[in-house]
Amino acid sequence: MTKAKQVRPSDLPTKRVRAPDGSVIQMKVVQADSATFAEDILAAFRSNVRRITSDRRKRARAVEDAAQA
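Computed from a predicted model, the values in this text were never measured in an experiment.

*Asks:* Kindly report on the overall build of the protein, identifying the contributing residues and their values.
*Replies:* A count of helices and strands for the protein gives one helix and two strands. Along the protein, helices (α) and strands (β) appear in the sequence β-β-α when read from the amino end. In terms of overall dimensions, the protein is more spread out than a globule: its C-alpha atoms have a radius of gyration of 16 Å, far above the 11 Å expected for 69 residues. Principal axes of the C-alpha set define a box for the protein whose edges measure 55 × 30 × 15 Å. Counting all 69 residues of the protein, 12% fall into the buried class. In the form shown here, the protein has an accessible surface area of approximately 6000 Å², with 55% of it arising from carbon and sulfur atoms. For the protein, the distance from the average position of its 15 positive side-chain charges to the average position of its 8 negative side-chain charges is 2 Å.

Put into structure tokens, the structure is as follows:
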């Protein structure tokens, strides 16, 4: 049994797109015909979850700081 190639989010290309509200969002690009598609999509998903969680924590801290002021 061989171990699957580990794909890191930094290995994937990043694309900047504009959201409906006008903000710029960075997205990881995954090639559908890639030999490592499953690993690529998992890396992109993990990256997105990490980014969203970090953004939410930053916003929560900002709200707490504003409430204490």
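We are not done yet, so read on.
*Asks:* Residue-level account of the side chain of Ser47, with values.
*Replies:* If you trace the backbone, Ser47 turns up in helix α1 (residues 37-68). Overall, the relative accessible area of 14% leaves Ser47 in the buried class. The contact partners of Ser47, leaving out residues within four places of it in the chain, are Pro9 and Lys28.

*Asks:* Residues and numbers for a nonpolar patch on the surface, please.
*Replies:* Together, Phe37, Ile41, Leu42, Phe45 and Val49 line one region of the surface with nonpolar side chains, adding up to about 440 Å² of accessible area. Here Ile41 lies in helix α1.

*Asks:* Tell me about the confidence of the model for the protein, and please be specific about residues and values.
*Replies:* For the protein, the average pLDDT comes to 86, and 94% of its residues sit at 70 or higher. At the level of individual helices and strands, the protein shows its lowest average pLDDT in strand β2 (residues 24-28), which scores 87, and its highest in strand β1 (residues 14-18), which scores 91.

*Asks:* An account of the pattern of salt bridges is requested, with residue identities and associated values reported.
*Replies:* Counted according to the given criterion, the structure contains one salt bridge. A salt bridge links Asp11 to Arg8, with the nearest nitrogen and oxygen atoms 3.1 Å apart.

So, how was this worked out
Residues numbered from 1 in each chain as written. Predicted model: local features only at pLDDT ≥ 70, side-chain atom pairs only at ≥ 80, totals over all residues. Heavy atoms only, no water. Helix = DSSP H or I, 4+ residues; strand = E, 2+ residues; numbered from the N terminus. Rg over C-alpha atoms; globule rule 2.2 N^0.38 Å. Buried < 20%, exposed > 50% of the residue type's maximum accessible area, 1.4 Å probe, protein only. Areas by Shrake-Rupley, 256 points an atom, 1.4 Å probe, with all protein chains shown as cover. Lys, Arg positive; Asp, Glu negative; His and termini not counted. Charge placed at Lys NZ, Arg CZ, Asp CG, Glu CD. Contact = heavy atoms within 4.5 Å. Patch = residues over 30% accessible without salt bridge, like charges linked within 9 Å, V, L, I, M, F, W, Y side chains within 5 Å. Salt bridge = Lys/Arg side-chain N within 4 Å of Asp/Glu carboxyl O. pLDDT = per-residue confidence, 0-100.

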